[in-house]
Amino acid sequence: MVVLNACQVGRAGYTLSRIGGFASAFLNRGAGIVAAALWSVGDQPASSFVKAFYDRLQKGDTLAKAVTAAREHARKAGDSTWLAYSVYGNPDARVHFR
């Protein structure tokens with residue numbers, strides 16, 4: 001699982017023969033989940049998103065439920081950061097923390 005909590009790192013870039021970017025690179029090298037922001041994000045809502053995302057995953061939520069809960073939590077900050085996160089992975093995946 002890779003979480004890139006920085007501005008615009010989820011955007012797809014272009015290579016000579018296909019779409020590239022961080023998410024594509026990590027997925028092509030075996031990452032099961034990649035979460036990254038598509039545009040600039042505010043510090044507080046970005047922090048809220050990631051904290052809620054990890055909290056829900058630790059509680060056993062599926063990836064889809066954890067992302068939905070994290071977006072809702074970040075939405076309360078009042079800017080568009082809550083929509084910025086693109087999350088790639090099986091929506092039914094669960095993460096087991098050791």
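Structure first, text after, so check above.
Anyway, here's the lowdown on the structure attached to this text.

Rules used throughout
Residues numbered from 1 in each chain as written. Predicted model: local features only at pLDDT ≥ 70, side-chain atom pairs only at ≥ 80, totals over all residues. Heavy atoms only, no water. Buried < 20%, exposed > 50% of the residue type's maximum accessible area, 1.4 Å probe, protein only. Helix = DSSP H or I, 4+ residues; strand = E, 2+ residues; numbered from the N terminus. Pairing = 2+ DSSP bridges. Salt bridge = Lys/Arg side-chain N within 4 Å of Asp/Glu carboxyl O. Contact = heavy atoms within 4.5 Å. Polar contact = N/O pair within 3.5 Å; in protein donor to acceptor, adjacent residues only side chain to side chain. Core = buried A, V, L, I, M, F, W, Y, C linked by side-chain atoms within 4.5 Å.

Here we look at the pairing of strand S4 (residues 34–37)
The alternating pattern of S4 places Val34 and Ala36 and Ala35 and Ala37 on opposite faces, both of which are buried. The pairing of strand S1 (residues 2–4) with S4 spans three bridges and is parallel. Note that in S4 the partner of valine 2 across the bridge is valine 34. In this sheet, strand S5 (residues 85–88) lies alongside S4 in antiparallel orientation, the contact comprising four bridges. Along S5, the bridge assignment pairs alanine 37 with tyrosine 85.

Remarks on the pattern of salt bridges
Counted under the stated rule, the structure contains three salt bridges. Salt-bridge contacts for aspartate 61 lead to arginine 56; the nearest nitrogen and oxygen are separated by 2.6 Å. The exposure class assigned to aspartate 61 is buried, which follows from its relative accessible area of 14%. The closest approach of N and O atoms between arginine 75 and glutamate 72, which form a salt bridge, is 2.7 Å. In this pair, arginine 75 and glutamate 72 are both assigned in helix H3 (residues 63–75), three residues apart and thus about one turn of the helix distant. On the basis of relative accessible area, arginine 75 is assigned to the partly exposed category, the value being 38%.

A short note on the environment of asparagine 90
For asparagine 90, the position within the fold is in the segment after S5. Not counting residues within four places of it along the chain, the set of residues in contact with asparagine 90 comprises Gly32 and Leu63. A distance of 2.8 Å separates the side chain of asparagine 90 from the backbone nitrogen of aspartate 92, its partner in a polar contact.

Side note on the side chain of aspartate 61
Position of aspartate 61 among the secondary structure elements: in the loop between helix H2 (43–58) and H3. A distance of 2.6 Å separates polar atoms of two side chains, one belonging to aspartate 61 and the other to arginine 56. The contact partners of aspartate 61, leaving out residues within four places of it in the chain, are Arg56, Ala66, Ala93 and Arg94.

Quick notes on the nonpolar core
Grouped together as the largest cluster of nonpolar side chains are 17 residues, with contacts concentrated most on Ala37, Val41, Phe49, Phe53, Leu63, Ala70 and Tyr85. Mapped by element, the contributors of at least two residues to this core are S4, H2 and H3. Top element by residues in this core is H2. It accounts for six residues. Contact partners of phenylalanine 53, with chain neighbours within four places excluded, come to Met1, Val3, Ala35, Leu63, Ala66, Val67 and Ala70. Val2, Leu4, Ala31 and Ala36 belong to the second largest nonpolar core, which has six residues in total.

Geometric values such as these leave the question of function open.
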